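Letter by letter, the chains look like this.
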Amino acid sequence: MKDLLNLVLFGPPGAGKGTQSEHIIEKYNLTHISTGDLFRKHLGEGTDLGKLAQKYMDEGNLVPDEVVIGMVDDKINGTSTAASGFIFDGFPRTVPQAEALDRLLEGKGQRISGMIALDVPEEELKKRLLARGKTSGRVDDQNEEKINNRIQVYAKETLPVAEYYEQQGKFNKVKGIGSINEIFESISTVIDNFSQEK
Ligand code: AMP
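Residues numbered from 1 in each chain as written. Predicted model: local features only at pLDDT ≥ 70, side-chain atom pairs only at ≥ 80, totals over all residues. Heavy atoms only, no water.

Enquirer: How would you explain the overall build of the protein if you had to name every residue and give the values?
Expert: Looking only at helices and strands, the protein has 8 helices and 5 strands in total. For 198 residues, the compact-globule estimate of 2.2 N^0.38 gives 16 Å, and the protein sits close to it at 16 Å. C-alpha extents for the protein along the principal axes are approximately 45 × 40 × 30 Å. Taking all contacts inside the protein whose residues are at least 6 apart in sequence as the whole, residues at least 24 apart take part in 75%. Carbon together with sulfur atoms contributes 48% to the accessible area of the protein, which is approximately 10,100 Å² in total. (Helix = DSSP H or I, 4+ residues; strand = E, 2+ residues; numbered from the N terminus. Rg over C-alpha atoms; globule rule 2.2 N^0.38 Å. Contact = heavy atoms within 4.5 Å. Areas by Shrake-Rupley, 256 points an atom, 1.4 Å probe, with all protein chains shown as cover.)

Below, the structure written as structure tokens:
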């Protein structure tokens, strides 16, 4: 099977992963897998998975690995191969999730092409999340304590994932402040390099 473009879009809450994903999927014809969006969909539909995830999400804590991995497995296997690859957004958020993703892709003769890590200072993240909370209706964006907890959870449980990809030579940092277009240009340059390396 040909090697597809499989990206991990990484960064703290409020880094702009969702916004940039929209541009990336359009330009590179990728299937978007955002675990946060998938959980919010389950929540909206009132499924058992949604009910289970809600208590973690409301507090800004991580949903247990086996639940997240099972959901991603279903999504990958339920996707037709029409697109040119996947972009993983908000996943993996722990090292066991990153290991599981490697195994899932390996089972399909695929691999992660590279990680793009959006770099945004903490003060800017807090400002963006509070602003988003006013319009998004997201409970986890509306309270400073919950926002702080998410940033702490990111630093403690999720940052080691960057190290995991760094060890594989797949880590790429992109400045996540500036206009949406400027940031997208920087991301595109990194992605075009992955494509050439294949
Ligand atoms: P997000 O939209 O990516 O900020 O995710 C919203 C919330 O969903 C997070 O605060 C977590 O509670 C949960 N969540 C999303 N993705 C993951 C993941 N990969 N691992 C664990 N929990 C997740």
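So much for the structure itself; the text now carries on.
Enquirer: Tell me what's going on with the packing of helix H4 (residues 65–77) against helix H5 (residues 95–106), and back it up with residues and numbers.
Expert: Each pair of packed helices can be summarised by the angle the axes make with each other and by the distance between the axes. Put simply, H4 and H5 touch, their axes get as near as 10 Å, and they point 25 degrees apart. Viewed along their axes, H4 and H5 adopt a mutual orientation that is roughly parallel. The handedness of the crossing between H4 and H5 is right-handed. Residues Asp65, Val68, Ile69, Val72, Asp73 and Ile76 of H4 lie in contact with H5, whose contacting residues are Pro96, Gln97, Ala100, Leu101 and Leu104. Taken together, the residues of the contact of H4 with H5 break down into 8 nonpolar, 1 polar and 2 charged. (Axes fitted to C-alpha atoms, helices over the stretch in contact; angles between N-to-C directions. Parallel < 35°, antiparallel > 145°, perpendicular 65-115°, else oblique. Left-handed = near helix turned anticlockwise from the far one by under 90°. Nonpolar A, V, L, I, M, F, W, Y, C, P; charged D, E, K, R; others polar.)

Enquirer: Go over the pattern of salt bridges, please, and point to the residues and values.
Expert: Applying the stated criterion across every chain, the model contains 11 salt bridges. We note a salt bridge from Arg40 to Asp37, for which the minimum N-O separation is 2.9 Å. You can see Arg40 and its partner Asp37 sitting in helix H2 (residues 35–45), 3 residues apart, about one turn around the helix. For Arg40, a relative accessible area of 28% translates into the label partly exposed. One connected set of salt bridges, linked through shared partners, spans Arg132, Arg138, Asp140, Asp141 and Arg150. (Salt bridge = Lys/Arg side-chain N within 4 Å of Asp/Glu carboxyl O. Buried < 20%, exposed > 50% of the residue type's maximum accessible area, 1.4 Å probe, protein only.)

Enquirer: Can you tell me about the side chain of Ser113, naming the residues and giving the values?
Expert: Among the secondary structure elements, Ser113 is positioned in the loop between H5 and strand S4 (114–119). Looking at Ser113, the relative accessible area reads 11%, which means it is buried. Not counting residues within four places of it along the chain, the set of residues in contact with Ser113 comprises Leu4, Leu5, Asn6, Lys170 and Phe194.

Enquirer: Describe the site of the ligand, with residues and values.
Expert: As a matter of local geometry, the ligand sits amid 15 residues, with Thr35, Arg40, Asn61, Gly90 and Gln97 nearest to it. Note that an oxygen atom of the ligand is positioned 2.6 Å from one of the backbone N or O atoms of Asn61. In this structure, an oxygen atom belonging to the ligand sits 3.0 Å away from a side-chain N or O atom of Arg93. Across the complex, the protein chains shield 95% of the 480 Å² of accessible surface that the ligand would expose by itself. The element that contributes the greatest number of residues to the shell around the ligand is H2, accounting for 4 residues. (Near = heavy atom within 4 Å. Polar contact = N/O pair within 3.5 Å; in protein donor to acceptor, adjacent residues only side chain to side chain.)

Enquirer: I'd like a description of the nonpolar core, backed by residues and values.
Expert: Core analysis: the biggest nonpolar cluster contains 28 residues, and Phe10, Phe39, Ile76, Phe88, Leu101 and Tyr165 have the highest contact counts within it. Contributing elements (two or more residues each) for this core: strand S1 (7–10), H2, helix H3 (48–59), H4, strand S3 (86–89), H5, S4 and helix H7 (144–167). Apart from the residues within four sequence positions on either side, Phe39 is in contact with Leu49, Ala53, Met57, Val63, Val67, Val68 and Met71. Tyr28, Ile87, Val190 and Phe194 belong to the second-largest nonpolar core, a separate cluster that totals 22 residues. (Core = buried A, V, L, I, M, F, W, Y, C linked by side-chain atoms within 4.5 Å.)

Enquirer: Can you tell me about the layout of surface pockets, naming the residues and giving the values?
Expert: If a probe as big as a water molecule is rolled over the atoms, it shows which places are left empty. Of the volumes computed, that of the largest pocket is approximately 1,000 Å³. Considering the residues around the largest pocket, the lining is formed by 47 residues, among which Pro13, Lys17, Arg93, Arg132 and Arg138 are closest to the centre. When residues of the lining of the largest pocket are traced back to their parent elements, those giving at least two are S1, helix H1 (17–28), strand S2 (31–34), H2, helix H6 (122–136), H7 and helix H8 (180–197). A per-class count over the lining of the largest pocket returns 18 nonpolar, 18 polar and 11 charged. Its volume calculated, the second largest pocket comes out at about 240 Å³. Lining of the second largest pocket is provided by 16 residues; of these, Pro12, Leu118, Asp119, Tyr154 and Leu159 occupy positions nearest its centre. The set of elements that each furnish at least two residues to the lining of the second largest pocket consists of S4, H6, H7 and strand S5 (171–175). No other element matches the 5 residues that H7 contributes to the lining of the second largest pocket. By residue class, the composition of the lining of the second largest pocket is 12 nonpolar, 1 polar and 3 charged. (1 Å grid on protein atoms, 1.4 Å probe; cavity = no way out; pocket = protein on both sides within 12 Å on 5 of 7 lines; lining within 4 Å. Points joined across faces, edges and corners; volume = space filled by probe spheres on them.)

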